[in-house]
Amino acid sequence: MAPVRTKTPLLPALLSLVIPGAGQMYLGARMVAASIFGTAVVLAFLIWFTLENFRVGLVEWGTLKTSWLWLLFAVFWLWNVWDAYRRAHGRTTPRLVSFGIPILLIYIIAWQVTDVNLLRLVTRFSDVQIIFDALIHPDLLTRDTVVHQGMTTIWIPCSNPPQTVGPGGGSGLPVGIDKPCGTVGDTLVMAGQGFEPNTTGNLYWQEYGGTNEVQVRSGGAPVLVTTDAEGKFVVPFAIPAFAGRDGLDPNSPIVNGIEARFIREVGPLKPSENFGTLIGKIEIKPAPDWMTAFGIMPVGATLPAFEPGGIFVTIALGLMATLISIVVAAPLSFFGAHNIMARVRGGTVIYYIARAIFNVTRSIDTLIWAIILVTWTGLGAFTGLMALSIHSIAAVAKLYSEEVEHIDPGPVEATTAAGGNLLQNIRFAVIPQIVPSFLAYSLLRWDINMRSATVVGLVSAAGVGFYIFEAIRKGGYREYAAALWCIAVVVLIVDFLSAYWREQIFKNEAQASSAPPKAFYQTPRGIFYTVLFVAVFILSWNLAQIDLGKLFEPAPTFGKVLLDFVSVDTSPGVLDSVMRNLLVTIFQALLATTLGGVIALPFAFLAARNITGRTRAALPVYYAARFVLSFLRSIEAVLYVAIFVFWVGVGAFAGMLALSITTFGLIGKLFSEAVENIEEGPVEALTATGANRLQSIAFAIVPQIVPPFISYAIYQWDINIRLATIIGLAGGGGIGQLFQNYVGQLQYHKAGTVILAIVIVVTLMDFASAKIRERLV
Amino acid sequence: MLRVEHLTKVFPNGTVALKDVTFEVADGEFLAVIGLSGSGKSTLLRCINRLIEPTSGKIIWDGTDLTALSPSEMRRVRRKIGFVFQQFNLVRRSNVITNVLTGRLGYVNTAQSLLNAFSKEDNDRALNNLERLGLREKAYVRADSLSGGQQQRVGIARALMQEPKIILADEPVASLDPVLSHSILKYLEQLNREDGLTVLCSLHFLDLVHRYATSAIALKEGQLVFQGLPQEIDDAQFKAIYGQEAQRVSII
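Residues numbered from 1 in each chain as written. Chains lettered and ligands numbered in written order. Predicted model: local features only at pLDDT ≥ 70, side-chain atom pairs only at ≥ 80, totals over all residues. Heavy atoms only, no water.

Q: Is there a simple way to think about the overall build of chain A in this case?
A: Counting its secondary structure elements, chain A contains 30 helices and 15 strands. Referenced to the eigenvectors of the C-alpha coordinate spread, the extents of chain A come out at roughly 105 × 90 × 70 Å. The buried share of chain A, taken over its 777 residues, is 46%. Residue pairs at least 24 apart in sequence account for 73% of intrachain contacts in chain A once pairs closer than 6 positions are excluded. Taking the average location of the 51 positive side-chain charges in chain A and that of its 49 negative ones, the two points are 10 Å from each other. (Helix = DSSP H or I, 4+ residues; strand = E, 2+ residues; numbered from the N terminus. Buried < 20%, exposed > 50% of the residue type's maximum accessible area, 1.4 Å probe, protein only. Contact = heavy atoms within 4.5 Å. Lys, Arg positive; Asp, Glu negative; His and termini not counted. Charge placed at Lys NZ, Arg CZ, Asp CG, Glu CD.)

Q: Looking at this model, I keep getting lost on the interface of chain A and chain B. Mind explaining?
A: Size of an interface: often given as the accessible area lost when the parts come together. The interface is formed by 28 residues belonging to chain A together with 33 residues belonging to chain B. Each partner contributes to the roughly 2600 Å² buried at the junction of chain A and chain B, and carbon and sulfur atoms together form 59% of this total. Between the two partners, chain A and chain B, sit one salt bridge. Of the charged contacts, one joins Glu413 of chain A and Arg46 of chain B as a salt bridge, the two residues approaching to 2.2 Å between their closest N and O atoms. For the interface between chain A and chain B, the tally reads seven residue pairs in polar contact (both at pLDDT 80 or more). Broken down by secondary-structure element, the contributors of at least two residues to the side of chain A that touches chain B are α15 (410-417) and α16 (422-460) of chain A. Ranked by residues supplied to the side of chain A that touches chain B, first place goes to α16 of chain A with eight residues. (Buried area = accessible area lost by both parts, 1.4 Å probe. Salt bridge = Lys/Arg side-chain N within 4 Å of Asp/Glu carboxyl O. Polar contact = N/O pair within 3.5 Å; in protein donor to acceptor, adjacent residues only side chain to side chain.)

Q: Please explain the sheet that holds strand β12 (residues 233-238) of chain A as it appears in this structure.
A: Where strands meet in a sheet, backbone hydrogen bonds hold them as pairs that are either parallel or antiparallel. Residue and element names in this part refer to chain A. Pairing in this open sheet of three strands is antiparallel, and the strands run β5-β6-β12 from one edge to the other. With one partner strand each, in any of the chains shown, β5 (175-177) and β12 form the two edges of the open sheet. Neighbour to neighbour, the strand axes of the sheet diverge by 20° on average, direction disregarded. As judged from the six bridges shared by strand β6 (residues 187-192) and β12, these two strands associate in the antiparallel manner. Counted as the bridge partner of Val189 is Pro236 from β12. (Pairing = 2+ DSSP bridges. Axes fitted to C-alpha atoms, helices over the stretch in contact; angles between N-to-C directions.)

Q: How do you make sense of the domain arrangement of chain A when you look at a structure like this?
A: All names here are of chain A. Domain annotation for chain A reports domain 1 (10-113), domain 2 (141-271), domain 3 (310-507) and domain 4 (558-776). Computed over C-alpha atoms only, the centres of domain 3 and domain 4 are separated by 21 Å. Residue-level contacts link 26 residues of domain 3 with 29 residues of domain 4. Summed over both partners, the interface of domain 3 with domain 4 buries about 2600 Å², with 77% contributed by carbon and sulfur atoms. Our enumeration of links across domain 3 and domain 4 arrives at two salt bridges. Where Arg633 meets Asp495, a salt bridge forms, and the shortest distance between an N and an O atom there is 4.0 Å. Between the two partners, domain 3 and domain 4, sit three residue pairs in polar contact (both at pLDDT 80 or more). In terms of residue class, the side of domain 3 that touches domain 4 is built from 19 nonpolar, three polar and four charged. (Domains from an automatic or database assignment. Nonpolar A, V, L, I, M, F, W, Y, C, P; charged D, E, K, R; others polar.)

Laid out in structure tokens, this is it:
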């Protein structure tokens, strides 16, 4: 509490009028003073910077251009004077103003910087229906089709005088039109016969003898052709604008084709072509060498073999990256463990270096690592694997290190007392303690790597990420939808396995036999898992196209590129764009967290076992809510960007929306767990007093969940800043887009600046969010 | 013969844990170290085998000054000094025999031991020691499934693997139910009487000191305030060691 001074209140008020916080400082409230001053500086900078760069709050009075947000800033300034005045009397001021004004200001700025345009969500909704439609009908299964068509021709336009006969040269079943020639917008009537009775088809306008065609539409909807009971049809339609693509010159009319096409699906459902690319297909192939070598198959024999699709490459990448990170991070983690390094001469220095390397490496997203590494090993699965591995090693090593630091020192003391040396102490007193938690972290990481592996292909051209990239580029939304479903299924399976095995690790298998237990590899279960592991390892190794030789044959420009990355460009122009885009990224993360969080708030209660999981009637709600959260969470934000780019256009708004979908899934899970972890005592007490369900939620549950909710929201913002750095790689705006532009223009030194900026912001945010959350708990 | 001369330990934070402590223990003694919590008992025992590096002073054991040894020489000497811990210090997730075998680390080849390859001989030795402590049938169960008393017996078996000449026991019974204290101390007494091991054991309860120790020293705020026979600790001595408010209590 600020001490009550008997000084005149005017002096602190005046001081605060000159410098915000100065009065509070004078009164001895240092923390308050520092926060007020800091807030004022940050707000002033934001208002000025966003006015200059984004024209936020711009008002013009003649030649004077300024931001109306300065008015709000003035209110904050006045509040600070008032606060100093009242503080001198030992009184306080309402927090609503002190927190409200800065928060309001930040959200107004964030709203504009991120280019939020809610209207577009509504007006362009019809555009995005095509994607929702595709999501319901992903391109995975298909049937054989039978096509019946009839084509006739027409002159475009009419010459002077008009042609009396058409150009001739139709094909297929007999069809005809009522005019030999016409121009764009003319109404024609097409008639045909001999088709299958009572079926519906479409009309297509064709470039005669070429491959281009458009579907004939009327008022946006396709013109439908329906046959009668005798297989005849008559359909009127207008000549589409496509007919005039080469100009409408009466002196040189062009032949156009008009086709009525009836497509009927026949036979059973079967995997589509796309299914093969995405998931895999059975192909007849020569028997593998080892089979012929062992005489299992004769030489030259063929076998049906499974040809894995993109998703399997992704699975292999996730698996291999996890294995690599375990193997590399486990020894590295000892360098990042303070309790170990304190025993080695010079160890403390190594400890700080190791931790710094882990943190910096971790703060650069896998996708950005992939872009950097492409300059080393080129495009391909192997580059994606390296990107995944590097990020994963750093993240896992940090967690491992912390686990090593948390071991019970007692056994180490005991082995030391028995005369053990450092290595022996680690082997017998440290490793047995850390193996279970290492395994648990590795399984958790497998889950994370699986998700990252789905996107790494966006840049490294391998796996399902690349498939999605291609699908979007070609506008193949049903393929895109198929990939999303596929990813969701795989990630949910991995999610489940990872959680299940983690649970198993900590189960205490007390065995009371007096004989030495058999080694793992001697039990049937052990043999089964070992064989399975080896098989999966070999398959994954092949699918991930691991080629260690590539590491030593970098692209000839690699050295120069690396040097460029390191020689950061700090010219004002570059710093300015980095700053602008960084601000966009930070605000995207803020708004996405807010939006996702606000939607998740009520949803979390639906997905909490102790709320909806209690009665049979509500149980379906519980499972449905859980499923929605898991499904949305299983797909990385950057893969959602395509939907929103289509919906609201390329830019920060689309990125923010994509991010908020993933946020919703992630934070909804955290929130619902917070609801599940509440103590039942207060609820019981209130129920005993006769409170109804809603009242007990308001008075017994809400007070218990507000602190964890706020804590999770801040944590999520921290995560979202990391995620937002890559949103731009798919057209979602922000720093990622800038990075991609620089790399695309081969301006690696500028890209280096971006990376440095990302590292700084992510590290700061990491630190700040940890500190704030510490205080909340 | 173990001689501690002018032993002083000052921790980096400035705490003086031991101040000029000098005493002597003849071979085959059962020396009780008494004093309040924080009086320096644990620090003293850990300084003797240099789990904690003394700030100054000497520890002379069979003519060798342990404080002057290099780390690797010290490791060789440690093999002959068993240590029994208050918190047992077992690897809770490892099974009993693996915990006992770690007592052998000072003897075995590093590379081999890292692969967990202990000789048949060491394995038999471990089983024998467990037999002696009545835990033969628990050899392959996980350490954390044992009771506290059993865990401490595993701790003693581990110390025995070192074939020690001396055992340092730091409050070996303080974490146990008082009724189990005697069972543990009887094992230590047995080792002292039958195997002729010197035992230095810090204890809280005076009646345990009377019952088991052949000599005693007392520490107060890091200084030696008593040295002599357990029987010599009369009421006046007791108040001097434990303070004026202290009351004698006895267990069982």
